[in-house]
Amino acid sequence: MMASKKYWIIVLLFSVFSFPLSVSRAQLLYEISGNSSKQKSYLLATNRLVDMQFLDTIPNVFKCFSRCKTVLTEFAMQDYEAIAALRQAALLPDSVKLSDFYTEEQYRFIDNCLRVQVGMGLDKLCRMKPSYLTEMLRAELFKQWLGYDEQRSMETFFEAVAAERDIPVLGLDDIGETMYMLFDREPFEWQCKELLKAAEYPENEVKQERTIKAMYLDGRLADIAFQVEGPDNTTTLSYSDYQVYCARNQQWVKRLRPHLADGACFITLNAIFLGGEKGLIQQLKAAGYRVRPVNRGITIKLKK
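Residues numbered from 1 in each chain as written. Predicted model: local features only at pLDDT ≥ 70, side-chain atom pairs only at ≥ 80, totals over all residues. Heavy atoms only, no water.

Trainee: Hey, could you run me through the side chain of Asp 173 in this one?
Mentor: Here Asp 173 shows up in the loop between β5 (169-171) and α8 (175-184). Residue class for Asp 173 comes out buried when judged on its relative accessible area of 6%. At 2.9 Å, the side chain of Asp 173 and the side chain of Trp 252 are in polar contact. Residues in contact with Asp 173, not counting those within four places in the same chain, are Glu 74, Thr 178, Met 181, Arg 248, Trp 252 and Arg 255. (Helix = DSSP H or I, 4+ residues; strand = E, 2+ residues; numbered from the N terminus. Buried < 20%, exposed > 50% of the residue type's maximum accessible area, 1.4 Å probe, protein only. Polar contact = N/O pair within 3.5 Å; in protein donor to acceptor, adjacent residues only side chain to side chain. Contact = heavy atoms within 4.5 Å.)

Trainee: I tried to follow the packing of aromatic side chains on my own but got confused; where do I start?
Mentor: Geometrically, a pair of aromatic rings is defined through the distance of the ring centres and the angle of the planes. Evaluation of the coordinates by the stated rule reveals eleven aromatic pairs. Where Phe 65 meets Phe 158, the ring centres are 4.7 Å apart and the plane angle is 40°; that geometry is what we call tilted. Taken together, the positions of Phe 65 in helix α2 (residues 61-66) and Phe 158 in helix α7 (residues 157-164) put the pair 93 residues apart, joining distant regions of the chain. Each member of the pair, Phe 65 as well as Phe 158, is classed as buried. With 5.4 Å between their ring centres and 90° between their planes, Trp 252 and Phe 273 make a pair best called edge-to-face. With Trp 252 in helix α12 (residues 239-262) and Phe 273 in the loop between β6 (265-270) and α13 (280-286), the pair connects residues that are 21 residues apart, well separated along the chain. Given a relative accessible area of 0%, Trp 252 falls into the buried group. Residue classification places Phe 273 among the buried positions, given a relative accessible area of 4%. The rings of Phe 62, Phe 65, Phe 157, Phe 158 and Phe 266 are connected pair by pair, giving a single aromatic cluster. Positioned above the aromatic ring of Tyr 148, the side-chain terminus of Arg 48 is 5.2 Å from the ring centre. Between the NZ or CZ atom of Arg 248 and the centre of the ring of Phe 273, over which it lies, the distance is 4.9 Å. (Phe/Tyr/Trp six-rings, centres within 6.5 Å; stacked < 30°, edge-to-face > 60°. Lys NZ or Arg CZ within 6 Å of the ring centre and 35° of its normal.)

Trainee: What am I meant to see in the environment of Asp 241 here?
Mentor: Examined against the element boundaries, Asp 241 turns out to sit in helix α12. Taking the relative accessible area as the measure of exposure, Asp 241 reaches 1% and is therefore buried. When near neighbours in sequence (up to four residues on either side) are disregarded, Asp 241 contacts Arg 185, Glu 186 and Thr 236.

Trainee: Got a minute to help me understand the environment of Arg 48 in this structure?
Mentor: Along the chain, Arg 48 falls in the loop between β3 (41-46) and α2. With sequence-adjacent residues up to four places away left out, Arg 48 is seen in contact with Glu 135, Arg 138, Phe 142, Tyr 148, Ser 153, Glu 155 and Asn 270.

Trainee: Would you mind going over the sheet that holds strand β2 (residues 29-33) with me for this structure?
Mentor: The strands making up a sheet are joined through hydrogen bonds of the backbone, oriented either antiparallel or parallel. Taken together, the six strands give an open sheet; going across it, the order is β5-β4-β6-β3-β2-β7, and neighbouring strands pair in mixed fashion. Since the sheet does not close on itself, it has two edges, and those belong to β5 and β7 (290-293), each with one partner. Strand-to-strand, the axes of this sheet are offset by a mean angle of 25°, without reference to chain direction. Note that β3 and β6 share five bridges and pair parallel. If you follow Thr 46 over to β6, its bridge partner there is Asn 270. (Pairing = 2+ DSSP bridges. Axes fitted to C-alpha atoms, helices over the stretch in contact; angles between N-to-C directions.)

Trainee: Honestly, the packing of helix α3 (residues 80-89) against α8 in this entry has me stumped. Any pointers?
Mentor: Between α3 and α8, the least distance of the axes is 10 Å, while the angle of their chain directions is 40°. If you check the angle between α3 and α8, you find them oblique. Pair α3 / α8 crosses with right-handed handedness. For the pair formed by α3 and α8, the contact residues are Ala 82, Ala 85, Leu 86 and Ala 89 on the first element and Ile 175, Thr 178, Met 179, Leu 182 and Phe 183 on the second. (Parallel < 35°, antiparallel > 145°, perpendicular 65-115°, else oblique. Left-handed = near helix turned anticlockwise from the far one by under 90°.)

Trainee: Would you explain the environment of Ala 214 in this entry?
Mentor: Topologically, Ala 214 is positioned in helix α10 (residues 202-217). Measuring from C-alpha to C-alpha, the distance between Ala 214 and Ile 224 comes to 9.4 Å, with ten residues separating the pair along the chain.

Trainee: Help me understand the pairing of β3 in this model?
Mentor: Taken residue by residue, a regular strand's side chains alternate between the two faces of the sheet. β3 sits mainly inside the fold: six of its six residues count as buried. Side chains Ser 41, Leu 43 and Ala 45 project from β3 onto one buried face, and the interleaved Tyr 42, Leu 44 and Thr 46 project onto a second face that is buried too. Where β2 and β3 come together, four bridges link them in antiparallel fashion. When the sheet's bridge partners are listed, Glu 31 is paired in β3 with Tyr 42.

Trainee: What exactly am I supposed to notice about the nonpolar core here?
Mentor: Among soluble globular proteins, nonpolar side chains are generally buried collectively. In this structure, Tyr 216 and Phe 266 are the most contacted members of the largest nonpolar core, which totals 61 residues. With seven residues, the top contributor of residues to this core is α12. Here Tyr 216 is in contact with Ala 26, Leu 28, Ala 45, Thr 46, Asn 47, Val 50, Phe 54, Met 154, Ile 224 and Ala 271, once residues within four sequence places are set aside. Counting 33 residues, the second-largest nonpolar core is a separate cluster that includes Ile 110, Leu 195, Leu 196 and Ala 199. (Core = buried A, V, L, I, M, F, W, Y, C linked by side-chain atoms within 4.5 Å.)

Trainee: How should I be thinking about unusual backbone geometry in this particular structure?
Mentor: The residue Asn 35 is not glycine, and still its phi comes out positive at about 55°. By the element assignment, Asn 35 lies in the loop between β2 and β3.

This is the structure we're talking about:
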């Protein structure tokens, strides 16, 4: 990480910002205890479209982080060898041609969409898997319409700070599982359909993420789960994805057990995995843990 990034990460951790909201009642930070845990651990719901400034509106989040000796997340983005492996996994096999899965008109349409939104066409991107191209397209749409800035996203903030402080950052998925989740959990033909859908109906992708972000800021984790699994969802983040997340939550509870037994863990995960009857919070409760909001009953008045 460059020195300039190191500077602003440390500065942001100890500075106080105002966030342009009137009142926050969101419950986004949870305490995990019980089940023979030696110390309390903490679970923070995140949203990648939310700026890291928002962390200053979550009471006690930095205090809880300072008590922890390990950071756990979906995938440890500080593992640069793993990131290199992911980039390689995003490539299509030499025997597969993306153009074989579309009509000429569809292929030209996707090419033009990528040129307009991403700045590169299929002449340069045709060796990438459709799921990769879909996420690339979605990210650019979110930057344009929702103000997404990956350098200022709250989602990886604590991972970066932990790395600066030599605090271990561990992924709940290993590299093989991460590659599967990103590139292979859906059949290739379905990935191709999803890419075309995102190119044809970008407004649906933006509307979905705007709605999820609003729910996140209100702390409505269960509503986020229903937004994804609900029958009206026609976006690329769909019911089938939610089913995969639910099954993975069960595995995550098992992998969290030794860390929660030792305690002092700071778990930071996208809110989409946490709410609902099959979300991680309910799975932890079902496994015998006590999970409750750190800031229950607190209402925070924010500066405009």
